[in-house]
Amino acid sequence: MTKSLSGKLAIVTGASRGIGRAIAEQLQARGAEVIGTSTKPGGELPKGCRHEAVRLDDPASVAAFCKTVEKLAPHILINNAGVANPQTFETIADDEFRRVHEINLVAPMAICRAALPGMKRHGWGRIVNISSIWGPLSRVARSTYASSKAALDGMSGCLAAEVASHGVLVNCVAPGFTETEMIKTIFPPDKLDALAKSVPMKRLAQPAEIAKAVVWLASAENGYVTGQNILVDGGLSRLKEV
Amino acid sequence: MTDKPLQGKLAIVTGATRGIGRAIAERFVADGAAVIGTGTKPDGEVPEGCRYQQLQLSDEASVDSMCRVVEKEAPHIVVNNAGISNPQGWDKLDAKTFKATQQIDLIAPMMLCKAAIPGMRKHKWGRFVGISALSGTYFGRPTRASLGAAKAGLVAVHMSLASELARDGILANCVAPGFIDTDVLPQLFTKEEIEALAKRAPIGRLGTTKELAALVAFLAGPDNTYMTGQQILIDGGFTRTL
């Protein structure tokens, strides 16, 4: 394992489980110092991670966290935390739509903004926002989630254009069906099996597989990829067997 | 990432005597792979540590004999990099040049991929990376009808490969380079035009062949286990930004 991220400070939101946890672990394994967030004070993070509690649905909590981000001036920011709450279009409640967008879009925007002065000062920065295949792809009952994630990608593309000349690269990673707690709250076990079979690779992704792509984009190995939404989906978005 | 992530792997890189292909071959050697690099001349020069193989993509007999080499050597990784752009405006565009471009940029690469499949199936592991182009798949561009058609076809070939072989652990992706600093650029553009091109991308500079090779190394290496059927743009934000 090369310590290619030695001397780099990384912030990963939602680092207590799933994809965010795998990202935090891999950034650490490459030598980065990692600050992970979770909603609970003293949340369980990978060993060696520093913890910050932040509630992305609470603007005051996000504002306080942004102050911390400005002060810490991370080289790497991974906006990973998010929520999914499938509801068919006619049952969307305005407040729930707003809450999901607050967490998946408004808070990541604010955190990106807080990280930029430090990255510009370093003359080097990598931002990876975790988007979703629900954007490039559609499915019933995903309009709330899909609109928040598609907006995150739109925002990231514009941000990439604004900061590329400062050595700050901004990309999204769109995970396919990944074996996380989140997906298990959405699909019962028998549905999950069917879901896995619908993927050209015939299996779900493991969080570590998504994290590998995220960490590549966040590392110095990536020098010229910016403004992209990279799909790590086992072929789901582009391949069909009919 | 270990120091030698491609240890024990055999890679074939077409067009490895210069530019992007040479950088990919160098990177693969540095990552521990055995590399067969092709070039058009009988005695072409490839990076240290590579085996040289003459290959004329324009010549069906030469492609056939290379396919026998590929079948025998059973590479784990095939990078179809070599190509030709043959720019012609529509008033000059002729079927002969168009067909010759398809032979070099699309038909020969398809045959090399096909020849590699049995070996990859035996290894239960394979990675195809096609070097595509922005013209044809992301935007139309004056004088690039032949190239665009061929590269769009190359992407389609890789997507089809990905869809058929995903379940066997064989992944296929394309990389679309933006303006990369190679010896091809001065053949196509004046010095002033190259400087203007560099500024067209938000990042404000040309990409390096090393940066491109790093992306290919990720897609072709053991860290990529769930990305397939994708085309990744490495363009400093150029395509997505107006």
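Residues numbered from 1 in each chain as written. Chains lettered and ligands numbered in written order. Predicted model: local features only at pLDDT ≥ 70, side-chain atom pairs only at ≥ 80, totals over all residues. Heavy atoms only, no water.

J.: Just checking my understanding: could you explain the overall build of chain A for this structure?
T.: Helices and strands together make up the secondary structure of chain A, namely seven helices and seven strands. Starting at the N terminus, the α and β elements of chain A follow one another as β-α-β-β-α-β-α-β-α-β-α-α-α-β. Here chain A has a C-alpha radius of gyration of 17 Å; the compact-globule value for 242 residues is 18 Å, and the two agree. Based on the C-alpha atoms only, the size of chain A along its principal axes is roughly 50 × 40 × 35 Å. Taking all 242 residues of chain A together, the buried fraction comes to 57%. A separation of at least 24 residues holds for 71% of the contacts in chain A among residues at least 6 apart in sequence. (Helix = DSSP H or I, 4+ residues; strand = E, 2+ residues; numbered from the N terminus. Rg over C-alpha atoms; globule rule 2.2 N^0.38 Å. Buried < 20%, exposed > 50% of the residue type's maximum accessible area, 1.4 Å probe, protein only. Contact = heavy atoms within 4.5 Å.)

J.: Please clarify how the packing of helix 1 (residues 19-30) of chain B against helix 7 (residues 209-220) of chain B should be interpreted in this entry.
T.: For any two helices packed against each other, the geometry is given by the interaxial angle and the distance between the axes. All names here are of chain B. Remark: helix 1 packs on helix 7, axes separated minimally by 8 Å, with the N-to-C direction vectors making an angle of 55 degrees. Classified by the angle their axes make, helix 1 and helix 7 are oblique. Like other packed secondary-structure pairs, helix 1 and helix 7 cross with a definite hand, here right-handed. The residues of helix 7 that touch helix 1, namely those facing Gly-19, Ile-20, Ala-23, Ile-24, Arg-27 and Phe-28, are Thr-209, Lys-210, Leu-212, Ala-213, Ala-214, Val-216, Ala-217 and Ala-220. Broken down by class, the residue content of the contact of helix 1 with helix 7 amounts to 10 nonpolar, two polar and two charged. (Axes fitted to C-alpha atoms, helices over the stretch in contact; angles between N-to-C directions. Parallel < 35°, antiparallel > 145°, perpendicular 65-115°, else oblique. Left-handed = near helix turned anticlockwise from the far one by under 90°. Nonpolar A, V, L, I, M, F, W, Y, C, P; charged D, E, K, R; others polar.)

J.: Looking at this structure, how should I read the environment of Val-184 of chain B?
T.: Position of Val-184 of chain B among the secondary structure elements: in the loop between strand 6 (170-177) and helix 5 (185-188). With relative accessibility at 34%, the residue Val-184 of chain B sits in the partly exposed group.

J.: What should I look at first to understand the layout of surface pockets in this one?
T.: Empty space left among the atoms is revealed by rolling a probe the size of a water molecule over them. Here the largest pocket is characterised by a volume of approximately 1,200 Å³. Along the walls of the largest pocket sit 45 residues, with Asn-81, Gly-83, Ile-84, Ser-85 and Val-184 of chain B positioned nearest its centre. At the level of elements, helix 1, strand 2 (34-39), helix 4 (145-165) and helix 5 of chain B are the ones that each hand at least two residues to the lining of the largest pocket. Its residues placed into classes, the lining of the largest pocket shows 21 nonpolar, 19 polar and five charged. In terms of lining residues, the second largest pocket is bounded by 43 residues, among which Arg-17, Ala-81, Gly-82, Val-83 and Met-182 of chain A are the most central. When residues of the lining of the second largest pocket are traced back to their parent elements, those giving at least two are helix 1 (18-29), strand 2 (33-38), helix 3 (94-122), helix 4 (143-163) and helix 5 (181-186) of chain A. Here the lining of the second largest pocket gets five residues from one element, more than from any other, and that element is helix 5 of chain A. Class assignment for the residues of the lining of the second largest pocket results in 17 nonpolar, 17 polar and nine charged. (1 Å grid on protein atoms, 1.4 Å probe; cavity = no way out; pocket = protein on both sides within 12 Å on 5 of 7 lines; lining within 4 Å. Points joined across faces, edges and corners; volume = space filled by probe spheres on them.)

J.: Before we go on, may I ask you to explain the interface of chain B and chain A in this structure?
T.: It is common to report an interface's size as the accessible area lost on association of the parts. Every contact between the two is made by 39 residues of chain B and, on the other side, 40 residues of chain A. Applying the counting rule to chain B against chain A returns four salt bridges. Residue Glu-221 of chain A pairs with Arg-27 of chain B through a salt bridge whose shortest N-O separation is 2.6 Å. Partitioned by chemical class, the residues of the side of chain B that touches chain A number 20 nonpolar, 11 polar and eight charged. (Salt bridge = Lys/Arg side-chain N within 4 Å of Asp/Glu carboxyl O.)

J.: Help me understand the nonpolar core in this model?
T.: Nonpolar side chains tend to gather and get buried jointly when the protein is soluble and globular. Residues Leu-27 and Ile-78 of chain A together with Ile-24 and Phe-28 of chain B are the most contacted members of the largest nonpolar core, which totals 99 residues. Here the element with the most residues in this core is helix 7 of chain B; it accounts for nine residues. Ignoring anything within four residues of it in the chain, the contact list for Leu-27 of chain A reads Leu-5, Ala-10, Val-12, Ala-32, Val-34, Ile-76, Ile-78 and Val-215 of chain A. (Core = buried A, V, L, I, M, F, W, Y, C linked by side-chain atoms within 4.5 Å.)

J.: How do you make sense of the side chain of Asn-79 of chain A when you look at a structure like this?
T.: Residues and elements named next belong to chain A. With respect to the helices and strands, the residue Asn-79 is situated in strand 4 (residues 76-79). A polar atom in the side chain of Asn-79 sits 3.0 Å from the side chain of Asn-129. Not counting the four nearest positions on each side in its chain, Asn-79 is found in contact with Thr-13, Pro-108, Ile-111, Cys-112, Val-128, Asn-129 and Ile-130. (Polar contact = N/O pair within 3.5 Å; in protein donor to acceptor, adjacent residues only side chain to side chain.)

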